[in-house]
Each structure stands twice: as C-alpha cells, then as structure tokens.
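As a plain string of letters, each chain reads:
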Amino acid sequence: MKFFKRTTSWSNAEFVVFKLAIASAYILIGAFFHHYIRLAWLPILVLFLISAVWTLILWIKKMKKKDSM
C-alpha cells in the first residue's frame, strides 16, 4: 500500500486540469436529469475524458519525479 502513502504538490495551474475533470463529470451526471444539458453530452464526455487522462498523466509524472529525488 505504498501507493496511497505518496504525496505530491500541485501548482494552481496544474490543479485547474483536475477541477476541469471533476466539473465536467458533474455536468455529465447532470445531463441525465436535465433536458438542455443532455443535448451536449458528447462534447462534455470528451472534455471529461481528456482532462481526466491529462490529470492522471500529471499525477504519475509527479510521483515518479518525487521517487527519483
């Protein structure tokens, strides 16, 4: 369980990507309950997937960088 004990630090600019992933997930969930947002589910899904993958890549790079120190 060493994976969950690792810590990283994030700059505000890097944290924006994570917030974007979370916000697009909320909108995507809301799309199932509201007619107007449901019309735009595909762009929101693409935005969520791109930002979530980007966040994971940044996180893994930071963890590898910290381990090499």
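In this report, the structure presented in the accompanying data block is examined. Keep in mind that what you see is a predicted model, and the values were worked out from it rather than measured.

The next point concerns the pattern of salt bridges. Tallying each qualifying case throughout the model produces one salt bridge. The residue Glu-14 makes a salt bridge to Lys-62 at a minimum N-O spacing of 3.2 Å. Of this pair, Glu-14 sits in helix H1 (residues 12-31) while Lys-62 sits in helix H3 (residues 41-68), placing them 48 residues apart in sequence. Using a relative accessible area of 23% as the deciding quantity, one classes Glu-14 as partly exposed.

Together, Phe-15, Phe-18, Ile-22, Tyr-26, Ile-29, Phe-32 and Phe-33 make up an exposed nonpolar region whose accessible area comes to about 820 Å². With respect to the helices, strands and loops of the structure, Phe-32 is situated in the loop between H1 and helix H2 (35-38).

We now examine H3. The first and last C-alpha atoms of H3 sit 41 Å apart over 28 residues, in line with the 40 Å expected at 1.5 Å per residue. Those residues of H3 that sit buried are Ile-44, Ser-51, Ala-52, Thr-55, Leu-58 and Met-63.

Moving on to the packing of H1 against H3. If you want to describe how two helices pack, look at the angle between their axes and the distance between the axes. Orientation of H1 relative to H3, taken along the N-to-C sense of each, is 145 degrees, at an axis distance of 8 Å. Judged by the twist between their axes, the crossing of H1 over H3 is left-handed. On the side of H1, the interface is formed by Glu-14, Val-17, Phe-18, Leu-20, Ala-21, Ser-24, Ala-25, Ile-27 and Leu-28, while H3 contributes Trp-41, Ile-44, Leu-45, Leu-47, Phe-48, Ser-51, Ala-52, Trp-54, Thr-55, Leu-58 and Lys-62. Per-class residue counts for the contact of H1 with H3 are 15 nonpolar, three polar and two charged.

Once that is clear, we can look at H1. For H1, with 20 residues, the first-to-last C-alpha span of 28 Å sits near the 28 Å given by 1.5 Å per residue. Val-17, Ala-21, Ser-24, Ala-25, Leu-28 and Ala-31 are the residues of H1 that are buried. Seen from one end, H1 has its buried residues packed into an arc of 120 degrees, which puts them on one side. Set apart from the buried face of H1 by more than 90 degrees, the exposed residues are Asn-12, Lys-19 and Tyr-26.

What counts and what doesn't
Residues numbered from 1 in each chain as written. Predicted model: local features only at pLDDT ≥ 70, side-chain atom pairs only at ≥ 80, totals over all residues. Heavy atoms only, no water. Salt bridge = Lys/Arg side-chain N within 4 Å of Asp/Glu carboxyl O. Helix = DSSP H or I, 4+ residues; strand = E, 2+ residues; numbered from the N terminus. Buried < 20%, exposed > 50% of the residue type's maximum accessible area, 1.4 Å probe, protein only. Patch = residues over 30% accessible without salt bridge, like charges linked within 9 Å, V, L, I, M, F, W, Y side chains within 5 Å. Areas by Shrake-Rupley, 256 points an atom, 1.4 Å probe, with all protein chains shown as cover. Expected span 1.5 Å × (residues − 1). Axes fitted to C-alpha atoms, helices over the stretch in contact; angles between N-to-C directions. Left-handed = near helix turned anticlockwise from the far one by under 90°. Contact = heavy atoms within 4.5 Å. Nonpolar A, V, L, I, M, F, W, Y, C, P; charged D, E, K, R; others polar. Arc of directions from axis to C-beta.

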